[in-house]
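# Overview (structure and organization)
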Amino acid sequence: MALREPAEEILEEALRSRHDETFERALGRAVRHHGGAYADYVELMSRVRERARTEKIDMKKAARHLADHL
């Protein structure tokens, strides 16, 4: 990843988003804000979706778990 901040900080920023938008959009905004590219977004979103699928939880909870354990 070519991000200026660690992945956990980007996930936390997306979780704190005050915009009325989906988590996917909030994550995209956070990735772009920290100098990331589409590939960075896809990598993070894939990790979140995989965690959500394996643990059978929603994406925000999965993102919180990832942010806490990275």
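Further up the page is the structure itself.
Residues numbered from 1 in each chain as written. Predicted model: local features only at pLDDT ≥ 70, side-chain atom pairs only at ≥ 80, totals over all residues. Heavy atoms only, no water.

## Description of the environment of Arg-64
Note on placement: Arg-64 falls in helix H4 (residues 59-69). Taking the relative accessible area as the measure of exposure, Arg-64 reaches 33% and is therefore partly exposed. For the pair Arg-64 and Arg-51, spaced 13 residues apart in the sequence, the C-alpha separation amounts to 10 Å. (Helix = DSSP H or I, 4+ residues; strand = E, 2+ residues; numbered from the N terminus. Buried < 20%, exposed > 50% of the residue type's maximum accessible area, 1.4 Å probe, protein only.)

## Digging into the pattern of salt bridges
Using the criterion set out here, one finds five salt bridges in the structure. A salt bridge links Glu-55 to Arg-51; the nearest nitrogen and oxygen atoms lie 3.5 Å apart. Here Glu-55 and its partner Arg-51 are both found in helix H3 (residues 38-55), four residues apart, which amounts to about one turn of the helix. Accessibility expressed as a relative area gives 22% for Arg-51, which makes it partly exposed. A salt bridge links Asp-68 to Arg-64, with the nearest nitrogen and oxygen atoms 3.8 Å apart. One end of the pair, Asp-68, and the other, Arg-64, are both in helix H4, four residues apart, so they sit about a helical turn from each other. (Salt bridge = Lys/Arg side-chain N within 4 Å of Asp/Glu carboxyl O.)

## So, unusual backbone geometry
Note: most residues except glycine have negative phi, and most peptide bonds are trans. Of note in the backbone geometry, Lys-56 takes a positive phi value of approximately 55° without being a glycine. Assignment of secondary structure puts Lys-56 in the loop between H3 and H4.

## Some words on the side chain of His-34
Note on placement: His-34 falls in the loop between helix H2 (23-33) and H3. Using a relative accessible area of 11% as the deciding quantity, one classes His-34 as buried. Contacts of His-34, omitting those with residues within four sequence positions, involve Leu-3, Arg-4, Glu-5, Ile-10 and Glu-13. (Contact = heavy atoms within 4.5 Å.)

## A look at the nonpolar core
Formed by 19 residues in total, the largest nonpolar core has its most connected members in Ile-10, Leu-11, Phe-23, Leu-27, Val-31, Leu-44 and Val-48. When contributions to this core are tallied by element, the ones reaching two or more residues are helix H1 (7-16), H2, H3 and H4. Setting aside its immediate chain neighbours within four residues, Val-31 contacts Leu-3, Ile-10, Gly-36, Ala-37, Asp-40, Tyr-41 and Leu-44. (Core = buried A, V, L, I, M, F, W, Y, C linked by side-chain atoms within 4.5 Å.)

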